Amino acid sequence: MPTGPAYLIVVLVWATTPLAIKWSAEGGAPIGSVMLRMLIALVVGALILLMRRHRPRLDRRAWLSYAAAVPGVFGAMALSYHASQHLPSGMLSVMFGMAPLVSGLILQALPGATRLRGWHWFGCGLGLAGLGVVFADSLTLGGGQLGALLMMLAAVTLFSGSGIAVQRVAAGLGPLEQTVGALAMSLPCFLALWLASGEPLSIPLSERGRGAVLYLAVFGSLIGFLCYYLILSRLHAATVALVTLITPVLALGLGMTLNQEKPSASMLAGALLILVALGAYLFGDRLTRRKAAARARALEVGGQR
């Protein structure tokens, strides 16, 4: 697939996923909905591997990689589906947009990681200010929003930490193989949580909820993920990370247009601060790399003289 269409697919899938999550969980069974999504995605992904006559790797490093992805699949998704019942869909996207900031902070505690510079810390501080505005607004409004925001913060942390763990295992798995393995290991966790949650065994889904589950299973869990890995292999990481700047704006617009969501002025102000923080973090990162590359070229030229 050409890079341009793949990039567009990632933007559209990531922008529409929060609203689809909200619709699929509107029947009051968020765990059942996300479990059904992951089951369908696992079956479809396994069938694709079977048709390609590709046997998943089952060596120790592969198992470690699958296990490292479980917190990001099971933990982050279970928390996000619960939070979707109390937050506008656009705020789910804004919170997940903070993943690069959270990943950068987690990496500071790990050996061998690149140290954050001034621009990074400025972006992180601005992001925390934006979070503070959103949290202060939720305290005023009540209605379960504060708990939902804490769930989303935990979800983003699990998602970011899981991604770092998968990278550090470096098992060399293909995107589809990694996805199917992670889904297979996550599904028993979803099943156990679903049975313990007391949700009805027949998952209540509206007509648009059923469509949302199918959409999330095929596009959110498979096609979007595969396109993401494709553009990650062809484009600079900073260019790929710009998706996290674009999708929250689209998600907020979709939620207000298609779901009649009306985020408060304070929540929108906090979301704007978070997006500016992410922009500062990403563009500062790009600026730092350009300066480092320019210095390296200058030293190389000087050495040749």
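Above this text sits the structure in question.
Let me begin by describing the structure that accompanies this report. Within each chain, residues carry numbers counting from 1 in the order of the written sequence. Confidence filtering applies because this is a predicted model: local features only for residues at pLDDT of at least 70, side-chain atom pairs given and counted only at 80 or more, and all residues used for totals across whole chains, interfaces and linings. Side-chain calculation: all heavy atoms of the structure are included, whereas hydrogens and water are not.

1. Some words on unusual backbone geometry
If you check the backbone angles, Ala170 has positive phi at about 50° while not being a glycine. With respect to the helices, strands and loops of the structure, Ala170 is situated in the loop between helix H7 (145-169) and helix H8 (175-197). Helix and strand assignments follow DSSP, with helices taken as H or I runs no shorter than four residues and strands as E runs no shorter than two, numbered in order from the N terminus.

2. Focus: the nonpolar core
Remark: nonpolar core denotes a set of buried residues (Ala, Val, Leu, Ile, Met, Phe, Trp, Tyr, Cys) joined through side-chain atoms within 4.5 Å. Think of it in three bands: with a 1.4 Å probe and only protein chains considered, a residue is buried below 20% of the maximum accessible area for its type, exposed above 50%, and partly exposed in between. Of all hydrophobic cores here, the largest spans 35 residues; its most connected members are Val34, Met38, Val73, Met77, Tyr81, Leu183 and Phe190. Looking at this core, the element that brings in the most residues is helix H3 (residues 60-83), giving 8 residues. By definition in these notes, contact holds between two residues if any of their heavy atoms fall within 4.5 Å. Excluding residues within four positions of it along the chain, Val34 makes contact with Met77, Tyr81 and Phe190. Within the second largest apolar cluster, 20 residues are counted, among which are Leu87, Val134, Leu149 and Val156.

3. Some words on the pattern of salt bridges
Pairing between side chains becomes possible if they bear opposite charge and their charged atoms approach one another. Note on definitions: salt bridges are taken to be side-chain nitrogens of Lys or Arg within 4 Å of carboxyl oxygens of Asp or Glu. Under the defined criterion, the tally for this structure stands at 2 salt bridges. Between Glu26 and Arg208 there is a salt bridge, with the nearest N and O atoms lying 2.9 Å from each other. With Glu26 in the loop between helix H1 (3-24) and helix H2 (30-51) and Arg208 in helix H9 (residues 207-234), the pair connects residues that are 182 residues apart, well separated along the chain. By relative accessible area, which is 37% here, Glu26 ends up partly exposed. Measuring nitrogen to oxygen at the nearest pair gives 2.8 Å for the salt bridge that ties Asp59 to Arg57. Accessibility expressed as a relative area gives 28% for Arg57, which makes it partly exposed.

4. Considerations on the packing of helix H4 (residues 89-96) against H7
Note on definitions: angles span 0 to 180 degrees between N-to-C directions of axes, and those axes are lines fitted to C-alpha atoms, for helices only across the stretch in contact. One way to put it is that H4 packs onto H7 with a least axis distance of 9 Å and a crossing angle of 40°. Compared by their axis directions, H4 and H7 come out oblique. Seen along the crossing, H4 lies across H7 with a hand that is right-handed. Where H4 abuts H7, its residues Met91, Leu92, Met95 and Phe96 lie against Leu149, Met152, Leu153, Ala155, Val156 and Phe159. Roughly parallel means an angle under 35 degrees; roughly antiparallel means over 145; roughly perpendicular covers 65 to 115; every other angle is labelled oblique. Take the far helix as the reference: if the near one is turned anticlockwise from it by less than a right angle, the crossing is left-handed, and if turned clockwise, right-handed.

5. Some remarks on a nonpolar patch on the surface
Where nonpolar side chains cluster on the molecular surface, the patch consists of Leu39, Val43, Leu47, Leu50 and Met51 and spans about 510 Å² of accessible area. With respect to the helices and strands, the residue Leu50 is situated in helix H2. In this structure Leu50 comes out as exposed when scored by relative accessible area, which is 61%. The patch calculation keeps residues exceeding 30% relative accessible area without a salt bridge and links them within 9 Å when they carry like charges or within 5 Å when they are nonpolar (Val, Leu, Ile, Met, Phe, Trp, Tyr). Calculation of accessible area relied on Shrake-Rupley with a 1.4 Å probe; when residues are assessed, cover is drawn exclusively from the protein chains displayed.

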